[in-house]
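# Overview (structure and organization)
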Amino acid sequence: MGKKLSGAQNRKRKAEEIAAKKKEQNSMEKFFKPIDNKSIESFEKSNETFDSELMDSGTYKQKPSLDIEKNEIQTQYDTLRFDDDLDVLNESTVCDVSYLENPAEWPLAINMKRNIIDRIVMIGPKKIFENISYPLDEHKRHFSNFHPDSGTSLEHRGCNDWKHIGSILSDHEKSTHHFIATSIWIESETRLKKNACIDAQNQHIYEQESLRWTKVFDRLISIILYLAQHNMAFRGTSDELFQPNNGNFLGLVQLLGKYDDVMAEHLRHISKKSNRKHNCSHEIQDQLINLMANNVRDTIIANLHDAKYYSIITDCTPDISKSEQMSFTVRFVEKVGNSIIIKEHFIGFKTATDSTRLGLSQLMLQTLKDNNIEFTNCRGQGYDNGANMKEKNQGVQARLLNINPRAFYIPCSCHSLNLVVADAASSSKESISLFGLIKRVYVLFSASVNRWEILKRHISGCTVKQVCTTRWESRVSAVKAMRYETNNIVNALIEISDSPNSDAGLRHEAQCLADNLCEFEFLISLVVWYDLLFQINVASKSMQGITMDIITATSIVKGCLNYIISYRNTGYICAVSSAKKIAETLNASSPAKNLKFIF
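Residues numbered from 1 in each chain as written. Predicted model: local features only at pLDDT ≥ 70, side-chain atom pairs only at ≥ 80, totals over all residues. Heavy atoms only, no water.

## Remarks on the overall build of the protein chain
Scanning the protein chain from N- to C-terminus turns up 21 helices and five strands. In the protein chain, which comprises 599 residues, the proportion classed as buried is 34%. A separation threshold of at least 6 residues defines the contact pool for the protein chain, and within that pool the share at least 24 residues apart is 65%. In the structure as shown, the protein chain presents an accessible area of about 37,100 Å², 54% of it carried by carbon and sulfur atoms. (Helix = DSSP H or I, 4+ residues; strand = E, 2+ residues; numbered from the N terminus. Buried < 20%, exposed > 50% of the residue type's maximum accessible area, 1.4 Å probe, protein only. Contact = heavy atoms within 4.5 Å. Areas by Shrake-Rupley, 256 points an atom, 1.4 Å probe, with all protein chains shown as cover.)

Here is the structure:
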């Protein structure tokens, strides 16, 4: 028997033990990074309460056995195992669970639900790949793949004391808590794989319920894909199943319930428990749509990173709420097998609260940053010909060129072509008269169902079209109807003017339009503009292809220009000949003069 220590020596030894214990706790705090501060505080308070109870009972001096601690933790483990709510999948559970693969993001065990613990155990430790490059600290040391191979639980805890990492990991692996946790992990993993847990029956029920919900959400996602691919609305005026006007989404859910066993079982659960959520509400729809959209966008960005170099295409337009929306599109070259394909992908809409040159420039750069796209790899900018976009010194393209001189600005060729045609048409009185007359004819027939029926009785091909106010090349459809249905349209106007049921003003308007359509000057203008717009429309449609490049676009524009030059020299004779044939069917007068056109 050793010599009994004095009271002072006992107090000194006790103080040294307390100091060592505190030092050990502080050393752990250096390389453990807590996730939830509130959870850490509550956990520490519970430990202090537990320690004080042991000291009061006189059992603190005696170290508890490994089996006793293991049984206590296993009891707590099994208590947290089963989730009482198996019939309902809470709508907040539709979220990303990728954090389960990263131990640094795990919450404390006391805050984990049992089903989360089971998933972590079944997933197992995350593997570390050999090709990871670890950053150096101020002492030029870094983490090594040698350390995780020892099976430590500190794999992603954030320790950065690389000089003493070996001893730190060795001390941790020799600790009692590490042995207990490892033993429980291995035993729990074995039980889960053999389905031999204490709550095996409840676990089986939970797995069956999880499988059922997986199948239900698989069908809900398929419905979303169908509606999105066909550009159909999701919602109606009601957000409840088996109610009128509840929208296409819920309508398809009800339709599947008639023929699909899984959806029929889901609807049966809903009908039996009317107070439970059915996970088909518009909130769930939005969450599923956002998850799918994020997945698509991540795939696009990953392909863009593989291609490295790209161009950006943007355009702004006001929406129904009078907010300026900027559409953001990226264009890059993608290798698919042995083929090289040019891809254009829509990234998303951004609300432009500031439509100035500086505001739009900052919005574009912020959009690239939010999507983890380096602007230094941008090799092209494509916008319309707006003054704030194309301005040489302070425009958006100039501001971005100052940041990246290799992001060359290429104005939209279709937009430029449209502006040229619009300016040319506005400089000719004959052109203004032509399109004004076509618009008046359309308004007269479309304003009345009866007058539209009269028109349909006379025409045999395409009917009159509305004149587009912005895209001039699309006016070819309105000119085409008038070009090849002139005689039938005139006959319909004459029938309206001769109808005794029409008022005098309408009859006079119809007669005036019929007389104007029979004028030879109008017929020549009609033939000329149809020939020109047809060629321009072909060029415009070709330049809108996703595989279009600047060399091909330049060639198309030059071809269109050569056609107009040739038409100016020889086209008038052909136009007069075609106009005479139309005039003969109308019994119109012979040409009185030659007309001059801007082209």
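## Topic: the packing of aromatic side chains
On inspection of all chains with the given rule, the structure shows nine aromatic pairs. Taking the centre distance of 5.8 Å and the plane angle of 25° together, the rings of Tyr 383 and Tyr 409 count as stacked. Highlighted residues: Tyr 383 in the loop between strand 4 (378-382) and helix 12 (387-390) and Tyr 409 in strand 5 (residues 408-409), separated in sequence by 26 residues. Tyr 409 shares its class with Tyr 383; the two are buried. Cation over ring: Arg 483 sits above Tyr 484, and NZ or CZ is 4.6 Å from the ring centre. (Phe/Tyr/Trp six-rings, centres within 6.5 Å; stacked < 30°, edge-to-face > 60°. Lys NZ or Arg CZ within 6 Å of the ring centre and 35° of its normal.)

## Considerations on helix 5 (residues 165-173)
Considered for burial, the residues of helix 5 that qualify are Ile 165, Ile 168, Leu 169 and His 172. For helix 5, the angular spread of buried residues about the axis comes to 95°, placing them on one side. (Arc of directions from axis to C-beta.)

## Structural notes on the side chain of Asn 385
As for its placement among the helices and strands, Asn 385 is situated in the loop between strand 4 and helix 12. For Asn 385, the side chain forms a polar contact with the side chain of His 415, separated by 3.1 Å. Within the structure, the side chain of Asn 385 is placed 3.1 Å from the side chain of Ser 416, a separation counted as a polar contact. Those residues in contact with Asn 385, other than ones at most four positions away along the chain, are Lys 390, Pro 411, Cys 412, His 415, Ser 416 and Leu 419. (Polar contact = N/O pair within 3.5 Å; in protein donor to acceptor, adjacent residues only side chain to side chain.)

## Thoughts on the packing of helix 15 (residues 429-446) against helix 17 (residues 476-484)
For the pair helix 15 and helix 17, the least separation of the axes is 11 Å and the interaxial angle reads 80°. The orientation of helix 15 relative to helix 17 falls into the category roughly perpendicular. For the pair helix 15 and helix 17, contact is made by Phe 435, Ile 438 and Val 441 and by Ala 478, Val 479 and Met 482, respectively. Here the residues of the contact of helix 15 with helix 17 are counted per class, giving six nonpolar, no polar and no charged. (Axes fitted to C-alpha atoms, helices over the stretch in contact; angles between N-to-C directions. Parallel < 35°, antiparallel > 145°, perpendicular 65-115°, else oblique. Nonpolar A, V, L, I, M, F, W, Y, C, P; charged D, E, K, R; others polar.)

## Thoughts on the nonpolar core
Judged by nonpolar contacts, the single largest core of 57 residues is most densely connected at Phe 445, Ile 489, Leu 493 and Leu 517. Elements with a contribution of two residues or more to this core: helix 14 (413-426), helix 15, helix 16 (449-458), helix 17, helix 18 (486-498), helix 19 (504-517), helix 20 (520-543) and helix 21 (550-586). Of the residues forming this core, the biggest block, 14 residues, is contributed by helix 20. (Core = buried A, V, L, I, M, F, W, Y, C linked by side-chain atoms within 4.5 Å.)

## Brief notes about the pattern of salt bridges
The tally for this structure, following the rule as stated, stands at nine salt bridges. With a closest N to O distance of 2.7 Å, Arg 219 and Asp 260 form a salt bridge. Here Arg 219 is found in helix 7 (residues 200-229), whereas its partner Asp 260 is found in the loop between helix 8 (247-259) and helix 9 (261-272), with 41 residues between them in sequence. Its salt-bridge partner being Asp 286, residue Arg 235 comes within 2.2 Å of it at the nearest N-O pair. Highlighted residues: Arg 235 in the loop between helix 7 and helix 8 and Asp 286 in helix 10 (residues 282-307), separated in sequence by 51 residues. For Arg 235, a relative accessible area of 43% corresponds to the partly exposed category. Classification of Asp 286 by relative accessible area gives partly exposed; the value is 30%. (Salt bridge = Lys/Arg side-chain N within 4 Å of Asp/Glu carboxyl O.)

## Regarding the sheet that holds strand 2 (residues 324-336)
Pairing is mixed in the open sheet, where five strands are placed in the order 3-2-1-4-5. Bordering the open sheet on either side are strand 3 (339-351) and strand 5, each of which pairs with just one other strand. Contacting strand 1 (310-318), strand 2 and strand 3, helix 10 runs over the sheet at an angle of about 55° to strand 2. Running at roughly 175° to strand 4, helix 13 (residues 396-403) makes contact with strand 1, strand 4 and strand 5 of the sheet. (Pairing = 2+ DSSP bridges.)

## Focus: the pairing of strand 3
One ladder, built from twelve bridges, connects strand 2 with strand 3; its direction is antiparallel. Bridge pairing in strand 3 places Lys 335 opposite Ile 340. The antiparallel hairpin formed by strand 2 and strand 3 contains two residues in its connecting segment, where Gly 337 sits at a positive phi of about 65°.

## Let's talk about helix 8
Compared with an ideal rise of 1.5 Å per residue, which puts 13 residues at 18 Å, helix 8 spans 19 Å between its outermost C-alpha atoms and is within 8% of the ideal. For helix 8, the set of buried residues is Phe 249, Leu 250, Val 253, Gln 254 and Gly 257. Each buried residue of helix 8 sits inside an arc of 135° when the element is viewed along its axis, so together they form one side. Looking at helix 8, the residues exposed on the side facing more than 90 degrees away from the buried face are Lys 258 and Tyr 259. Buried positions along helix 8 lie against helix 7, helix 9 and helix 10. (Expected span 1.5 Å × (residues − 1).)

## Observations regarding the side chain of Thr 329
Turning to its location among the elements, Thr 329 is positioned in strand 2. On the basis of relative accessible area, Thr 329 is assigned to the buried category, the value being 15%. Not counting residues within four places of it along the chain, the set of residues in contact with Thr 329 comprises Ser 311, Ile 312, Ile 313, Glu 344, His 345, Phe 346 and Ile 347.

## Quick notes on unusual backbone geometry
In this structure, Asn 245 is a non-glycine residue whose phi angle is positive, near 55°. Since its relative accessible area comes to 58%, Asn 245 is described here as exposed.

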